[in-house]
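Spelled out from the first residue to the last, the chains are:
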Amino acid sequence: MMIETNSSLKAFNTFSIDAKTKTLFHFKNMTQLSELLTVVKAVRSENRPVLILGAGSNILFCEDFSGLVIRVELTGVDIIASENSYLLQVAAGENWHQLVTHCIDNGIDGLENLALIPGVVGAAPIQNIGAYGSEFKDFCESVDYIDLQTGECLNLSAAQCLFAYRDSIFKSKTMENALITKVTLKLPRKWQANSRYALSKSAESGLEITAQTIYDAICQTRNDKLPDPEQYGNAGSFFKNPVVNQKKAAQLLKAYPKMPHYPQADGQVKLAAGWLIEQANLKGKTIGGAAVHQQQALVLINQNNASAADIFQLAEFVRITVKDKFKVSLEPEVRFIGCQGETNLTEVLNDVRA
Ligand SMILES: Cc1cc2nc3c(=O)[nH]c(=O)nc-3n(C[C@H](O)[C@H](O)[C@H](O)COP(=O)(O)OP(=O)(O)OC[C@H]3O[C@@H](n4cnc5c(N)ncnc54)[C@H](O)[C@@H]3O)c2cc1C
């Protein structure tokens, strides 16, 4: 069915939180557009919110959703080969990892560092997905979207998307009506390995460096180190890696000479959020059914029937503990839907410490 009412979102978020939405629209085909716009208008006229959803791998539903969830399920991949490059036009509901695999299997190289990132293609521009030294922006030509307010179909070039570390124009208030329908990627035929962060395993074993070996190494590393959402619900890295100024980085390095740190082109220094959390002795920390993952401190997991409140409180606990110890603020990478804001941080901490 295209439209459902009072539907569970449990299967549609990787934390497996059993939140319900009052209205759910499965947007499978552009022929449904005028109906979708009518539903959006009706929902807004009742002052109910609208949420665009992909695979729900970067979202925490803290409560039932009183509005309309639009699940983007548009499919289709066109690959246009030219002398020097491949142009990929990919509908927003296609699975990102399947796209990467399809490309590697067919000798279209470049996306291998971004293998096994969960989610759909239409969500990739939102936070400019990245891993192992590559980012979505490195391959993006343009992004097509519908303005849900006006119904217009529009296009932004990669430069207009203002991509940055886990950020893009699509996170800004001005783009809250943008439903991404398609992305266009450009992959040069002349392939260059980006193996700085990816290849220790295959390099050690003396394998020739190809897109396939990088892809295999990354899939293996990710499978070894990240919890499978099917087993323990999670949303990958819960926090962004914080970026601090040089003075702050120098202070921290004096106290913690082994602290991982990555100088940025603009003079700032990126720190590893996972390291900070681990140093704060939070690996394995639990609140209710939620836990900081034992192997990868940056990942919060639904260990044992966690409620969204358990996960939210654990996230706040981690934030406050890291702030207390290092005076560094962690910003969530995960989008909270309906969770309480920062006003009760102290309350949460007192509760947890009591
Ligand atoms: C195990 C695991 C590992 C992960 N590893 C990484 C990683 O290495 N690097 C990384 O960057 N991320 C990583 N993530 C996070 C996640 O995979 C990405 O953020 C992904 O792009 C989210 O895709 P999604 O379809 O699940 O989006 P959702 O969670 O459904 O939505 C995310 C955001 O995008 C918006 N959105 C989704 N689709 C559209 C659309 N068509 N139009 C407009 N807005 C839309 C939503 O409103 C929401 O704000 C990981 C997650 C997990 C669970």
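Conventions we followed
- Residues numbered from 1 in each chain as written.
- Predicted model: local features only at pLDDT ≥ 70, side-chain atom pairs only at ≥ 80, totals over all residues.
- Heavy atoms only, no water.
- Helix = DSSP H or I, 4+ residues; strand = E, 2+ residues; numbered from the N terminus.
- Near = heavy atom within 4 Å.
- Polar contact = N/O pair within 3.5 Å; in protein donor to acceptor, adjacent residues only side chain to side chain.
- Areas by Shrake-Rupley, 256 points an atom, 1.4 Å probe, with all protein chains shown as cover.
- Nonpolar A, V, L, I, M, F, W, Y, C, P; charged D, E, K, R; others polar.
- Expected span 1.5 Å × (residues − 1).
- Buried < 20%, exposed > 50% of the residue type's maximum accessible area, 1.4 Å probe, protein only.
- Contact = heavy atoms within 4.5 Å.

(A) Quick peek at unusual backbone geometry. Its identity as a non-glycine residue notwithstanding, asparagine 6 has a phi of 45 degrees, on the positive side. Examined against the element boundaries, asparagine 6 turns out to sit in strand S1 (residues 3-8). Phi is positive for tyrosine 132, close to 50 degrees, though the residue is something other than glycine. Locating tyrosine 132 in the fold gives a position in the loop between strand S8 (130-131) and strand S9 (134-135).

(B) Highlighting the site of the ligand. Taken together, 31 residues sit near the ligand, with Ile52, Gly54, Ser57, Gly130 and Arg222 positioned nearest. Take alanine 55: an N or O atom from its main chain is 2.8 Å from an oxygen atom of the ligand. Here serine 57 contributes a side-chain N or O atom positioned 2.6 Å from an oxygen atom of the ligand. Protein chains shield 94% of the accessible area of the ligand, which is 990 Å² for the free molecule. Elements with a minimum of two residues in the shell around the ligand: strand S3 (50-53), S8, strand S12 (178-188) and strand S13 (233-237). Taken together, the residues of the shell around the ligand break down into 16 nonpolar, eleven polar and four charged.

(C) Summary view of helix H4 (residues 211-225). Under the 1.5 Å per step criterion, the end-to-end length of H4 is 21 Å for 15 residues, consistent within 8% with the ideal 21 Å. Where H4 is concerned, the buried positions are Ala211, Thr213, Ile214, Tyr215, Ala217, Ile218, Cys219 and Arg222.

(D) Just the environment of alanine 178, in detail. Checked against the element boundaries, alanine 178 lands in strand S12. Taking the relative accessible area as the measure of exposure, alanine 178 reaches 11% and is therefore buried. Between the alpha carbons of alanine 178 and leucine 53 there is a distance of 12 Å; along the sequence they are 125 residues apart. What alanine 178 contacts, discounting residues up to four positions off in sequence, is Ile52, Tyr145, Ile146 and Phe170.

Any functional reading would require information that these geometric values do not contain.
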